[in-house]
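Structure assessment
Below are the chains, spelled out letter by letter.
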Amino acid sequence: MSEVLKLDDKDVKTKKQEANPIKIPELQHRNFRNDEFWKKIPAWSNVSRAEFKDHLWQMKNSIRKVEQVQKVLGKLCTKELMDDLLEGQKITPMNIRITPYIFALIDWENPKDDPLRKQFLPLGSQFLPDHPFYAEDSLGEDTDSPVPMLTHRYPDKVLFLPTTICPVYCSYCTRSRIIGGSTESVDKNTYGANQKKWDDVFEYILRNPLIEDVVISGGDSYMLTPAQLKYIGEGLLNIPHIRRIRYASKGVAIFPQKILTDDAWVQALQEIHDYGRSYGKQVVVHTHFSSPKEITHWTELAMDRLFSMGITVRNQAVLQTGVNDSVDTMVKLTRQLGYLNIQPYYVYLHDMVPGCEHFRTTLREGIELEKAVRGTTAGFNTPTFVCDLPGGGGKRHVASYEYYDEENGISVWKAPYVKPGEVFTYFDPIHKLSPEAQKRWADPKTQKEMINAAIEKVTKRSDKDENQK
Ligand SMILES: *Cc1c(COP(=O)(O)O)cnc(C)c1O
Ligand code: SF4
């Protein structure tokens, strides 16, 4: 087994070509902050760089309760902010969990507009009523589940959810129905890591030779112990027809310190990666950066370590209002990730899950952003903008809808390979439509008529194609 390469700040500086301070505006995306930003947080004003780098310190000091926000922030926390956060806790489907790293990157002078605060610390005042067609399991993951913890929708790839815990909890999580424990508003069937059920998953995959590819998600692979990481990795790689596995983790984005200091975990990842490679199989990491604000010199150090181990990292972002819905932000995110050897893979239109209406964009916004981003950097570092269809049609390119009634925010889709013959609908957030369209949505009768009319445009066309055959 090859030894895990250890890097510290000094190594990275000498290894990298010495760059002059970057002044050219076009190159600003290569400037990663390296200040001691956490010292602005009153409770952490004396925390040294070495302490901040320690993954155990990060875990121990993670914010798990809204009251801790006040404790850590002291005078920086206004009563208005606290009241709003407490209101948020009554509505949100997700518990709070934030690493000190992310917490300290929030602009506490203006938390309301901060893209990181928005993702992890919901305010009561931000919530909008859920869309009439939201669903707890919007993607139909439980419907397409042949054994617990597994979704098998596409012929050759499966989604395995071995755990329901994460190092942070995103208030918009697409699996808020199971992830992170019950909240004031939602009772959940949260399960922990359960080896017996994992064996059933291996057994199912073994019996289905079409499957080549396993996404190990959750929850978050960061929360698997080194032994669990290896048990799952080896269990899957030992199945002859498995060619590729990916560990999904938001970790690289929200907790890079673990990659720098949790040597046992990194060693386990390296061992599985090398084990896969010795059989000609891919072991990669998929992560989840949504905002350039999540990227710092710590990210650079963590990525240098993963890259030196030969591990491919790809990114899946979610398109969110006020987080990354401007051209400048999306281009910067894309270029920064590419620069750090993280391949921007997908940008998702927001799923239609509870408590997310304020985050969602229209389909049009997604299409326009894709157009703006394409051409800004290498094609293989350009993310594909997709809509994961409500009801389990799978991921579709944003411009591949069959019909789009933009006025009423209704798009109609097909998924010929995944669910032949079925049509799927995705809806733009109602508050972003014209006042007239909002009125139509308020009336259940016109609502139904609009949707049926849009679907008919597609089904009628399909009938015609059928007749011409
Ligand atoms: C996203 C997803 C996958 C993986 O899809 P890719 O497009 O290959 O990233 C597999 N199974 C399910 C159920 C998924 O939602
Ligand atoms: S890290 Fe992923 S699974 Fe965990 S809360 Fe965030 S979006 Fe959900």
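Every chain is numbered on its own, with residues counted from 1 as its sequence reads. Naming scheme: in the order in which they are written, chains are lettered from A and ligands are numbered from 1. Note on the predicted model: pLDDT of at least 70 is required for a residue's local features to be given, and 80 or more for side-chain atom pairs to be given and counted; whole-chain, interface and lining totals, by contrast, use all residues. Computation of side-chain values covers all heavy atoms of the structure but excludes hydrogens and water.

1. Here we look at the overall build of the protein chain
Put simply, the rule is: Each helix corresponds to a stretch of at least 4 residues labelled H or I by DSSP, and each strand to a stretch of at least 2 residues labelled E; elements are numbered beginning at the N terminus. Radius of gyration: over C-alpha atoms. The globule rule applied is 2.2 Å multiplied by the number of residues raised to the 0.38 power. Throughout, a contact is declared for two residues whenever any of their heavy atoms are within 4.5 Å. Only the protein chains shown count as covering a residue, and every accessible area follows the Shrake-Rupley method with a 1.4 Å probe. Here the positive residues are Lys and Arg and the negative ones are Asp and Glu; neither His nor the chain ends is included. The location of each charge is read from NZ of Lys, CZ of Arg, CG of Asp or CD of Glu.
The number of helices and strands found in the protein chain is 17 helices and 12 strands. Taking 469 residues into account, the globule formula puts the C-alpha radius of gyration at 23 Å, and the protein chain, at 23 Å, falls close to it. The C-alpha extent of the protein chain, read off along each of the three principal axes, is 70 × 60 × 50 Å. Pairs at least 24 apart in sequence give 76% of the contacts found in the protein chain among residues at least 6 apart. Entry remark: accessible area of the protein chain is about 20,600 Å², with carbon and sulfur atoms responsible for 52%. Between the centroid of the 62 positive side chains of the protein chain and the centroid of its 63 negative side chains there is a distance of 2 Å.

2. Some remarks on the domain arrangement of the protein chain
Under the convention used in this document: As annotated, the domain borders come from an automatic or database domain assignment. Accessible-area loss on putting two parts together, using a 1.4 Å probe and summing over both, is the definition of buried area adopted here. Salt bridges, as used here, are contacts in which a Lys or Arg side-chain nitrogen is within 4 Å of a carboxyl oxygen on Asp or Glu.
Here the domain parsing of the protein chain yields domain 1 (1-21 + 125-399), domain 2 (25-124) and domain 3 (401-469). The C-alpha-based centres of domain 1 and domain 2 are spaced at 22 Å. Taken together, the contacts link 55 residues of domain 1 with 45 residues of domain 2. Carbon and sulfur atoms supply 61% of the area buried between domain 1 and domain 2, which totals about 4,300 Å² over both sides. Our count for the contact surface shared by domain 1 and domain 2 stands at 1 salt bridge. Taking the shortest distance from any N to any O, the salt bridge between Asp114 and Lys293 comes out at 2.4 Å.

3. Details of the pattern of salt bridges
It is possible for side chains of opposite charge to pair when their charged atoms get near one another. In plain terms, the rule: The buried label goes to any residue with under 20% of its type's maximum accessible area, the exposed label to any with over 50%, and the partly exposed label to all in between, with areas taken from a 1.4 Å probe on protein chains only.
Inspection of the entire model under this criterion finds 33 salt bridges. A salt bridge links Glu271 to Lys230; the nearest nitrogen and oxygen atoms lie 2.4 Å apart. Linking Glu271 in helix α12 (residues 263-278) with Lys230 in helix α9 (residues 226-237), this pair joins segments that are 41 residues apart in sequence. Glu271 sits in the buried class, given a relative accessible area of 17%. The salt bridge involving Lys460 is made with Glu456; its shortest N-O contact spans 3.3 Å. Here Glu456 and Lys460 lie together in helix α17 (residues 444-468), a separation of 4 residues that amounts to about one turn. According to the relative accessible area criterion, Lys460 is exposed, its value standing at 54%. Via salt bridges that share partners, Asp137, Glu141, Asp142, Arg175 and Arg177 belong to a single interconnected network.

4. Some remarks on the site of ligand 1
Which entries qualify depends on this criterion: Consider each residue's heavy atoms; a residue with any of them within 4 Å of a molecule or strand counts as near. In protein, a polar contact requires one atom able to donate a hydrogen and another able to accept it; more generally it is a pair of N or O atoms within 3.5 Å, and residues adjacent in sequence count only if both atoms are side-chain atoms. Using only the protein atoms, space was sampled on a 1 Å grid; points where a 1.4 Å probe fits but cannot get out form cavities, open sets with protein on both sides within 12 Å along at least five of seven lines form pockets, and lining residues are those with an atom within 4 Å of a point. More than half of a molecule's atoms lying within 2 Å of a cavity's or pocket's grid points is what places that molecule inside it.
The environment of ligand 1 is formed by Thr151, Tyr154, Lys157, Leu159, Val215, Arg246, Tyr345, Tyr346 and Lys395. A distance of 3.0 Å is found between an oxygen atom of ligand 1 and a side-chain nitrogen or oxygen belonging to Lys395. With the chains in place, 91% of the 390 Å² that ligand 1 exposes on its own is no longer accessible. Among the cavities detected, the one that contains ligand 1 is the largest cavity.

5. What about the site of ligand 2?
Selection rule: Three classes are used: nonpolar for Ala, Val, Leu, Ile, Met, Phe, Trp, Tyr, Cys and Pro, charged for Asp, Glu, Lys and Arg, and polar for all others, with Gly counted as polar.
Every residue lining ligand 2 is accounted for by Met94, Cys166, Val168, Tyr169, Cys170, Cys173, Gly218, Gly219, Lys250 and His288. The pocket occupied by ligand 2, as judged from atoms lying within 2 Å of grid points, is the largest cavity. Within the shell around ligand 2, the residues separate by chemical class into 6 nonpolar, 3 polar and 1 charged.

6. Thoughts on the sheet that holds strand β1 (residues 150-151)
Within a sheet, adjacent strands bond to each other through the backbone by hydrogen bonds, running parallel or antiparallel. What counts is decided by this rule: Strands pair, by our definition, only if DSSP identifies at least two bridges between them.
Read across the open sheet, the 9 strands follow the order β1-β2-β3-β4-β5-β6-β7-β8-β9; overall the sheet is mixed. The two strands at the open ends of the sheet, each matched to only one other strand, are β1 and β9 (394-397). Sheet analysis places strand β4 (residues 244-248) next to strand β5 (residues 282-287), joined by 5 bridges and oriented parallel. Looking at the pairing, Arg246 lines up with Val284 of β5.

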